[in-house]
Amino acid sequence: RYASHGYPAWQYGYDLAHSTRKNLGLKETDQIPSLRELVETVLKIPLIHLSLPRQFAGATISVGNVRGIAVNIDGLNQNVWVRRATIAHELGHLLWDPDQHLRSLLVDTFADLQDQPPQLKHDVVEARANAFAIELLAPREGALEIYNSHGGSEAGLRAVMEFFGVSFTSAKFQLWN
């Protein structure tokens with residue numbers, strides 16, 4: 001399920017993240033210190049770090065019946081917090097998307113984004129994976145608890161970033177949500 005009338009894609013992504021965290025024995029306030037260890041050691045999913053052109057973030061790959069994750073170490077992913085979000089996004093695809101939703105590769109360039117705003121090209125598969133990623137890494141309830149314990153200030157936002165290992169943008173939007 002990706003989206004339906006009255007139940008948006010992001011809500012499905014949050015629900016899948018909650019299911020995943022529950023299956024992993026993680027509470028809303030638990031951090032994932034090493035996403036790489038979770039993916040490779042706990043879930044036994046191949047995770048490949050490679051250097052690609054800067055515009056690529058990551059991909060869910062399939063070889064026969066084996067799936068894995070490839071993540072670019074260049075571009076925005078040079079920031080470890082951005083790379084964690086990319087890995088979590090791809091993990092959402094790997095765990096919850098059937099093969100028919102992963103058979104194409106779509107790359108947005110800056111020129112494409114200027115020609116047509118992202119909201120006009122709404123892709124429910126990607127929206128669900130984005131919501132899954134942030135809710136897996138920084139669950140809304142836990143993020144709000146940390147933020148409010150710091151008086152709801154910039155220090156609270158920074159505490160959310162540091163505790164859950166997410167970027168400023170990810171933390172900011174998760175708190176706004």
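Residues numbered from 1 in each chain as written. Predicted model: local features only at pLDDT ≥ 70, side-chain atom pairs only at ≥ 80, totals over all residues. Heavy atoms only, no water.

*Asks:* Would you mind going over the overall build of the protein chain with me for this structure?
*Replies:* Scanning the protein chain from N- to C-terminus turns up eight helices and three strands. The order of helices and strands in the protein chain, counted from the N terminus, is α-α-β-β-β-α-α-α-α-α-α. In the protein chain, buried positions account for 37% of the 177 residues. A separation threshold of at least 6 residues defines the contact pool for the protein chain, and within that pool the share at least 24 residues apart is 58%. As displayed, the protein chain has an accessible area near 10,300 Å², and 55% of this comes from carbon and sulfur atoms. (Helix = DSSP H or I, 4+ residues; strand = E, 2+ residues; numbered from the N terminus. Buried < 20%, exposed > 50% of the residue type's maximum accessible area, 1.4 Å probe, protein only. Contact = heavy atoms within 4.5 Å. Areas by Shrake-Rupley, 256 points an atom, 1.4 Å probe, with all protein chains shown as cover.)

*Asks:* Explain the pairing of strand β2 (residues 58-63) here, please?
*Replies:* Every other side chain in a regular strand lies on the same face of the sheet, so the side chains alternate between the two faces. Pairing analysis gives six bridges linking β2 to strand β3 (residues 66-72), with the strands arranged antiparallel. In the sheet register, glycine 58 faces β3, and the bridge partner there is valine 71. Counted between consecutive antiparallel strands, the loop separating β2 from β3 contains two residues, among which glycine 64 sits at a positive phi close to 65°. (Pairing = 2+ DSSP bridges.)

*Asks:* How should the side chain of histidine 93 be read in this particular structure?
*Replies:* Its place among the elements puts histidine 93 in helix α3 (residues 80-96). The exposure class of histidine 93 is buried, given its relative accessible area of 3%. In this structure the side chain of histidine 93 is engaged in a polar contact, spanning 2.4 Å, whose partner is the side chain of aspartate 97. (Polar contact = N/O pair within 3.5 Å; in protein donor to acceptor, adjacent residues only side chain to side chain.)

*Asks:* Would you take a moment to explain the nonpolar core for this structure?
*Replies:* One broad rule of soluble globular proteins: the nonpolar side chains tend to lie buried together. Among the nonpolar cores identified, the biggest contains 32 residues, and Leu35 and Val39 are the most heavily contacted of them. Of all the secondary-structure elements, those providing two or more residues to this core are α1 (9-23), α2 (35-42), β3, α3, α5 (124-137), α6 (140-149), α7 (154-164) and α8 (168-176). Here this core takes six residues from α5, the largest share from any one element. (Core = buried A, V, L, I, M, F, W, Y, C linked by side-chain atoms within 4.5 Å.)

*Asks:* In this structure, what is going on with the confidence of the model for the protein chain? I would like to understand it.
*Replies:* Low pLDDT means the predicted atomic positions in that stretch should not be read closely. Of the residues in the protein chain, 87% have a pLDDT of 70 or more, and the chain-wide mean is 86. Of all the helices and strands in the protein chain, helix α4 (residues 110-115) carries the lowest mean pLDDT, 43, while α2 carries the highest, 96. Considering only residues more than four positions removed or in separate chains, one finds that residues 116-120, a stretch of pLDDT under 50, has two contacts. (pLDDT = per-residue confidence, 0-100.)

*Asks:* How should I be thinking about the sheet that holds strand β1 (residues 47-50) in this particular structure?
*Replies:* Strand order in the open sheet formed by three strands is β1-β3-β2, with mixed pairing between adjacent strands. Each edge of the sheet is formed by a strand with only one pairing partner; in this case those strands are β1 and β2. Recorded for the sheet is a direction-independent mean angle of 25° between the axes of neighbouring strands. Sheet analysis places β1 next to β3, joined by four bridges and oriented parallel. Its bridge partner lying in β3, leucine 47 is registered against isoleucine 69. Those strands touched by α3 are β1, β2 and β3, and its axis lies near 160° from that of β3. (Axes fitted to C-alpha atoms, helices over the stretch in contact; angles between N-to-C directions.)

*Asks:* Hey, could you run me through α6 in this one?
*Replies:* In an α-helix, one turn spans 3.6 residues, which is why side chains three or four residues apart end up on the same side. Those residues of α6 not exposed but buried are Gly142, Ala143 and Ile146. In an axial view of α6, the angular spread of the buried residues amounts to 100°, which keeps them on one side of the axis. Opposite the buried face of α6, at more than 90 degrees from it, the exposed residues are Glu141, Glu145 and Asn148. The secondary structure elements touched by the buried residues of α6 are α7 and α8. Glycine 151 occupies a position one or two residues after α6 and carries a positive phi of about 75°. (Arc of directions from axis to C-beta.)

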